[in-house]
Amino acid sequence: DSRRSSKARSHRGNSLLTTGGGVCVIQKYMKRTALVALLAASPASATMLSDMPPGNILVSAGKGDLPTARLVHPKGGAVEVVICGAHVTSWTTADGVERLFVSSASGYGAGKAIRGGIPVCWPQFNMLGGLPKHGFARTSAEWEIEAMANTPAGDPTITLALSDSDATRALWPHAFKLRYVVTLYADALSAELELTNTGGAPLSFTGALHTHVGGHT
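Scoring rules and cut-offs
- Residues numbered from 1 in each chain as written.
- Predicted model: local features only at pLDDT ≥ 70, side-chain atom pairs only at ≥ 80, totals over all residues.
- Heavy atoms only, no water.
- Pairing = 2+ DSSP bridges.
- Helix = DSSP H or I, 4+ residues; strand = E, 2+ residues; numbered from the N terminus.
- Axes fitted to C-alpha atoms, helices over the stretch in contact; angles between N-to-C directions.
- Buried < 20%, exposed > 50% of the residue type's maximum accessible area, 1.4 Å probe, protein only.
- Polar contact = N/O pair within 3.5 Å; in protein donor to acceptor, adjacent residues only side chain to side chain.
- pLDDT = per-residue confidence, 0-100.
- Contact = heavy atoms within 4.5 Å.
- Salt bridge = Lys/Arg side-chain N within 4 Å of Asp/Glu carboxyl O.

Caption draft 1: Just the sheet that holds strand β3 (residues 57-61), in detail. Pairing in this open sheet of 4 strands is antiparallel, and the strands run β3-β4-β5-β6 from one edge to the other. Looking at the sheet topology across the chains shown, the edges are occupied by β3 and β6 (87-92). Sheet twist, expressed as the average angle between the axes of neighbouring strands with direction ignored, equals 20 degrees. Of the strand pairs in this sheet, strand β4 (residues 67-72) and strand β5 (residues 78-82) are connected by 5 bridges, and their pairing is antiparallel.

In structure tokens form, the structure reads like this:
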């Protein structure tokens, strides 16, 4: 069987993905209670939730006029995902505390890397190769919304997808499809990145969901 699957909370090592629809999964799952000790050393800013009805997903223009999805949980809490780059930039728990760090110096615009949150570092982590730092996925404007829904328990979830194109093949000559699923639970946030090799040759990559924990500055 040419299908290979691997799961980890974050993945930064070299990976080889076989042909014929081979799949690799990178997962990140964070519970609010697990973050309390990490955040105790630095103050976190409180963020007011919008008046959007709970359990909904709204896509509108965000910072820098970038399309941004906002997921709101029925029990409180919200997540914001910038569609360009599939970048989670905010996770506010039901107690009104921002759990992710995003630098105030971040630039918001096409092709710009947001500093903080949860960047999708792929197909290269850091400078471990010949691509721009952390690869092209985190700045790609070719991400598309594949699905938006609520689970039977009312947890909002969004799926974004990125496939190879002339632009990606000019940097990295491989056929692929990425699916990124972000789900907001009452007391946790889940992010799962799935890679499918859609080409006829093996491909090698490094990657991570490089989470920055803490409040905005």
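Caption draft 2: Highlighting the pairing of strand β10 (residues 176-184). Most of β10 is tucked away, with 7 of its 9 residues classed as buried. For strand β9 (residues 156-163) and β10, the ladder comprises 7 bridges, and the chain directions are antiparallel. Pairing of Leu 160 across the sheet is with Tyr 180, part of β10. As consecutive antiparallel partners, β10 and strand β11 (residues 188-197) are separated by 3 residues.

Caption draft 3: Broad picture of the side chain of Ser 90. By the element assignment, Ser 90 lies in strand β6. By relative accessible area, Ser 90 is classed as buried at 7%. Of the polar contacts made by the side chain of Ser 90, one reaches the side chain of Glu 98; its length is 2.6 Å.

Caption draft 4: Representation of the confidence of the model for the chain within the structure. Taken residue by residue, the chain gives an average pLDDT of 78. The fraction at 70 or more is 71%. Every residue in residues 1-13 is under pLDDT 50, and counting partners more than four places away or in other chains gives 41 contacts. Below a pLDDT of 50 lies the segment residues 33-54, which in the model reaches 34 contacts outside its immediate sequence neighbourhood of four places, other chains included.

Caption draft 5: Inspection of the pattern of salt bridges at higher detail. For the coordinates displayed, the defined rule picks out 7 salt bridges. Glu 146 is the partner of Arg 179 in a salt bridge, and the nearest nitrogen-oxygen pair spans 2.8 Å. With Arg 179 in strand β10 and Glu 146 in strand β8 (residues 144-150), this pair connects stretches of sequence that are 33 residues apart. Given the relative accessible area of 27%, Arg 179 is considered partly exposed. Salt bridges linked by common partners bring Glu 146, Lys 177, Arg 179 and Glu 194 together as one network.

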